[in-house]
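# Observations on chain architecture
This is what each chain is made of:
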Amino acid sequence: MAIKYGTLVSFASGAFTASIRMDEAAAQAIENVRVSRAIPGAEMVTGRRVLLDTGDHNDPSDLVLYAIVS
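Residues numbered from 1 in each chain as written. Predicted model: local features only at pLDDT ≥ 70, side-chain atom pairs only at ≥ 80, totals over all residues. Heavy atoms only, no water.

The subject of this paragraph is the environment of Ala18. Mapped onto the secondary structure, Ala18 falls in strand β2 (residues 17-22). Its relative accessible area of 3% is what places Ala18 among the buried residues. Along the backbone, Ala18 and Val35 are 17 residues apart, and their C-alpha atoms lie at a distance of 6.8 Å. Contact partners of Ala18, with chain neighbours within four places excluded, come to Leu8, Ser10, Phe11, Ile30, Glu31, Asn32, Val33, Val35, Met44 and Leu65. (Helix = DSSP H or I, 4+ residues; strand = E, 2+ residues; numbered from the N terminus. Buried < 20%, exposed > 50% of the residue type's maximum accessible area, 1.4 Å probe, protein only. Contact = heavy atoms within 4.5 Å.)

Given below as structure tokens:
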């Protein structure tokens, strides 16, 4: 499990998923990243820095946004 930083590109409140631009791959966004239900929807503002958990296998489909950094 690695912790990565990224930037929130967009947030779908109905599905509670987000598009994230990871710091080390700033040229492309990762779509449909699951978001922790502990984060209030009002905190999900485009451009905010976020922390991501990559899961055990570093598979992009395992990503979970679990914290807002700024």
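Pairing within the closed barrel is mixed, and its five strands lie in the order β1-β2-β3-β5-β4. On average, each strand axis in the sheet is tilted by 55° relative to the strand beside it, whichever way the strands run. Inspection of the sheet shows β2 paired to strand β3 (residues 30-35) by three bridges, in the antiparallel sense. Looking at β3, one finds that Ile20 is bridged to Ile30. (Pairing = 2+ DSSP bridges. Axes fitted to C-alpha atoms, helices over the stretch in contact; angles between N-to-C directions.)

Attention shifts here to the pattern of salt bridges. Tallied over the full model, the rule gives two salt bridges. The salt bridge involving Arg49 is made with Asp23; its shortest N-O contact spans 2.9 Å. Linking Arg49 in strand β4 (residues 49-53) with Asp23 in the loop between β2 and β3, this pair joins segments that are 26 residues apart in sequence. Judged by its relative accessible area of 39%, Asp23 falls in the partly exposed class. Between Arg48 and Glu43 there is a salt bridge; the shortest N-O distance is 2.9 Å. Judged by its relative accessible area of 21%, Arg48 is partly exposed. Residue classification places Glu43 among the partly exposed residues on the basis of a relative accessible area of 33%. (Salt bridge = Lys/Arg side-chain N within 4 Å of Asp/Glu carboxyl O.)

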